[in-house]
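A structural walkthrough
As a plain string of letters, each chain reads:
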Amino acid sequence: MKKKLLLLMYVFFLSSAVFSASMDDYKTFLSGKSYYEGKEYNKAEQEFLNLLENYPDSKVLSSHYAYYYIGMTYFELGKYNEAIKNLKLAEYVPLEYKMPSSYFKNYKKSLFEYDIYYYIGLSYLQLKEEKVAEDWLKKLIKDYFSIELIPFEKAALEKLKKIDQYYSYIEDIKYKNDLSRLEKINKEDLVPLGDSFFSKGEYPKAAIVYQRFLEFENSKEVKLKILNSFTRAKDYDSVVELSNKYYLEDGSHDNLYFLANAVRRKGDVRGAIESLSKVTNGNYYLSSKFLEARMYSILGEADKSIEILKKINSSSAHEELLDTYLKNNMLMAFKMEAVEFIKKYPYSEYSAFLRFKMYELSNNKNYLNWILKYNKNSYYFERASNILGTSSTSKDYPILWKKSVYKDQINKLEDVYNLKDPELVKIELDTLSIPKEEAILRNYIFTDYLKKLDLYHFSLRTAYNNIYESQNYNNLNELLYPRFYRDIVEKYSSIYGVSPALAYSVMRQESLFNKDVVSSASAYGLMQIILPTAKQFNPEITVEELLTPEKNIEIGIKYLSELVNIFDGKVDLVAAAYNGGPSNVKKWKKDIKGHLDIDSIPFDETRNYVKKVLNNYEKYKRFYGE
């Protein structure tokens, strides 16, 4: 017994020593980083040399994170060859860059990409290698818009202008909107310039730049970019004129899709169908068939719409087919198709809608019970609960017990967090060795720490990874409805008399708490506000200001306040107006109490949007009270 106790004590002290030693590399790195930030570059160099010599296998090196600070230390010391060597190794890819997101397009390939290009370029300039410097600096002339990129791109152009006057023309176009300079631009730089304007939402300028490219080369791809630009700019006359012209020139059926869409927008549904019926190939073939089915449905020719939809193998076509059956009172076909859809996508929002509709048609409350079981994060969950006079009860996930099983890893994670360097926490998270069977626990840990690091969007995205498993636990389901930016939300909700639950509900649906998102419609930030709307409340506001959480939330809540006043506080009408516009909402069908008949909203996007916001609203009220 005594030997066993001694053995356990030995193992404990040995593991403690190993655990303690495993932090020394991080502490050495942070010491060097601190010296670098304090401009004590010689001391920083010594600490980094210590790191490289004594901890060659450290995660801070294998992740490439440390090499940026090592390279920048050498740059500041004037050791430019060493700076270049280390900066080339500094392609550190943070955890969040590896996470897929429909709300977030991360153009950068690594955290320090812009810094690396710029300082390697400066280093080569110091070494009098002007041509190599130019190659690195021009990497910062990007084909997309990014607030973070702007200072690096501008600084690079300042340096490049001294090498070649050509770069001043690019600067004039990108930052002074002087499109007369296009005649000076090389063919290979035109499409990237057009793409940059397009990503910024400046569609007419993008079209002008793309059209300049066609003076050099007849490109089907660039023609489609022009048609897409004019479509986004809602210049349908130009789309009609050019799509007809391009179709005659190259015969591409993709032109017909843009032609049909423009003709439809101008009110000619038959004309749209005529163009769409000719599409038999191309990148827009499926989109064309789907749109053709929609057009027949608008005209009341359900049989033709159904015939087309049955040939398209996609969930959206499946949903459209079911909607068509329902609108045309083809109930037998609807029920058969609904059962197949629910089997295939049991947890989807649309399956919840189908279950609720089947309940209405049959008065069979089993459909409501299935909603409570499978669709807890659905708009129809609340409606089913109200009808049944009950709510699905869930237990709590045993977080503390589960964490105790992996306490060594979690303790280290917490110790690393206390070092106050977010990137080190991400490195630890990225290498966390929790087995696949514990996916819920792993997800919880990721969600919790990403939240602590203020990576709110990615915290919520991570919570979504196990949404169908997590919805069965009260304490995990709440993670799907966080109150990020709480101080700002409560401040302006109080000032403008808006329910915080409504503000969170809209923000969650608009951006999933991504403060940097810019939509294809040029809506900005957390509450997805377009610049004209923002200027109604703050005439001097810039895009850069609109992307800051404080300004974005203030204007978003102020706009919600205006809608609340217009629609007498009816949340369904407010949500519909935020997405589809107040003038449309005033025209849509309402019940005797003045609420919308949500399933009859004519815009698919707005109909689905309202359901999701209302679901969010009920969840926020239930979890946090109001």
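Here is what the cut-offs are and how they apply
Residues numbered from 1 in each chain as written. Predicted model: local features only at pLDDT ≥ 70, side-chain atom pairs only at ≥ 80, totals over all residues. Heavy atoms only, no water. Salt bridge = Lys/Arg side-chain N within 4 Å of Asp/Glu carboxyl O. Helix = DSSP H or I, 4+ residues; strand = E, 2+ residues; numbered from the N terminus. Buried < 20%, exposed > 50% of the residue type's maximum accessible area, 1.4 Å probe, protein only. Lys, Arg positive; Asp, Glu negative; His and termini not counted. Polar contact = N/O pair within 3.5 Å; in protein donor to acceptor, adjacent residues only side chain to side chain. Contact = heavy atoms within 4.5 Å. Core = buried A, V, L, I, M, F, W, Y, C linked by side-chain atoms within 4.5 Å.

Across all of its chains, the model carries 46 salt bridges by this definition. If you follow the salt bridges from partner to partner, you end up with Asp172, Lys176, Asp178 and Arg181 in one network.

Within the fold, Glu510 resides in helix α32 (residues 500–511). Despite its burial, Glu510 pairs with no opposite charge; the closest candidate is Lys612, at 11 Å N-O. Engagement of the side chain of Glu510 in a polar contact is seen with the side chain of Tyr609, the distance being 2.8 Å.

On to the environment of Glu91. Inspection of the secondary structure assignment puts Glu91 in the loop between α6 (80–87) and α7 (113–126). The residues contacting Glu91, other than those within four sequence positions of it, are Ser63, His64, Ser110 and Ile116.

What follows covers unusual backbone geometry. Despite not being glycine, Asn329 shows a phi value in the positive range, around 60 degrees. Looking at the secondary structure, you find Asn329 in the loop between α19 (315–327) and α20 (331–344). Notably, Leu512 is not glycine yet its phi reads approximately 55 degrees, a positive angle. Within the secondary structure layout, Leu512 lies in the loop between α32 and β1 (523–524).

To continue, consider the nonpolar core. Phe29, Ile445 and Tyr485 are the most contacted members of the largest nonpolar core, which totals 204 residues. It is helix α5 (residues 65–76) that provides the largest number of residues to this core, a total of nine residues. Those residues in contact with Tyr485 that sit more than four places away from it in its chain are Tyr456, Met507, Phe513, Lys515, Leu526, Pro549 and Ile553.

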